[in-house]
Amino acid sequence: TTRARTGADWHTKRRRDLGAMLPRSTSLARAGLAPARTGLLLMVAKQPAVSAFPALTAGVATASDGSDDLEQKIAATVAAHPVVVYSKSRCGYSARTKSLFDSLGVEYHAVELDKAADGAAMQTALARLTKQRTVPNVFVRGSHLGGNDATQAAALSGELQKMLGLTS
């Protein structure tokens, strides 16, 4: 008889496989791999990928196709709000990121690229500025944090809470 593999079985096997790739003296926890509360496996970066984002405050050399207007619009949006999430309304990763901020009680400004008239061009401008083409694209206090994985990792490590001033 064959048994349908449940989500928990898959994650247990995946976790075992990841553990097998580590040196014997390294545990999953020491390697930065931690099970989430939901039982799903999260890759947790030891240092979240937070980068200062000087392109938003300094002049940026851009193409002459009108994209500098979009980059200025992005810079103004990021400067006007402590947390900005560029997302798409049907993206599961974007939903998880927004849910994380909701659970922390943090207000954020969401820009739904699939609903904006210039959404595709704005996503291209974001890719030029951040070197990240995917959504969500998260900014915290003017710094580019990254996507969902980086945001979740920063929250798990406590770095996101420090950036937001929720902890000392």
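Described below are features of the structure shown in this document.

Conventions adopted
- Residues numbered from 1 in each chain as written.
- Predicted model: local features only at pLDDT ≥ 70, side-chain atom pairs only at ≥ 80, totals over all residues.
- Heavy atoms only, no water.
- Buried < 20%, exposed > 50% of the residue type's maximum accessible area, 1.4 Å probe, protein only.
- Helix = DSSP H or I, 4+ residues; strand = E, 2+ residues; numbered from the N terminus.
- Pairing = 2+ DSSP bridges.
- Polar contact = N/O pair within 3.5 Å; in protein donor to acceptor, adjacent residues only side chain to side chain.
- Contact = heavy atoms within 4.5 Å.
- Axes fitted to C-alpha atoms, helices over the stretch in contact; angles between N-to-C directions.
- Expected span 1.5 Å × (residues − 1).

1. Description of the pairing of strand β5 (residues 137–140)
Here β5 shows a buried face lined by N137 and F139 and a second buried face lined by V138 and V140. Where strand β3 (residues 83–87) lies against β5, four bridges are found, and the strand directions are antiparallel. Paired with V84 across the bridge in β5 is F139. In this structure, β5 lies alongside strand β6 (residues 143–146), joined through three bridges in antiparallel fashion.

2. Remarks on the side chain of Q152
Mapped onto the fold, Q152 is located in helix α5 (residues 148–157). Assessed through its relative accessible area of 16%, Q152 is described here as buried. A polar contact is formed between the side chain of Q152 and the backbone oxygen of R96, at a distance of 3.5 Å. Once residues lying within four places of it in the same chain are set aside, the contact partners of Q152 are R96, T97 and L100.

3. Overview of the sheet that holds β3
Read from one edge to the other, the open sheet built from four strands follows the order β4-β3-β5-β6, with strand pairing classed as mixed. The outermost strands of the open sheet, each flanked by one partner alone, are β4 (109–112) and β6. Put simply, the sheet's adjacent strands are angled 20° from each other on average, direction ignored. Alignment of β3 against β4, held across four bridges, turns out to be parallel.

4. Quick word on helix α4 (residues 119–130)
With 12 residues, α4 should cover 16 Å at 1.5 Å per step; its first-to-last C-alpha distance of 16 Å lies within 8% of that length. In the segment just after α4, K131 is the residue with positive phi, at about 65°.

5. Some points on the environment of F139
By the secondary structure assignment, F139 is in strand β5. Put simply, F139 and H81 are 58 residues apart on the chain and 9.1 Å apart in space, counted from C-alpha to C-alpha.

These figures capture arrangement, not role.
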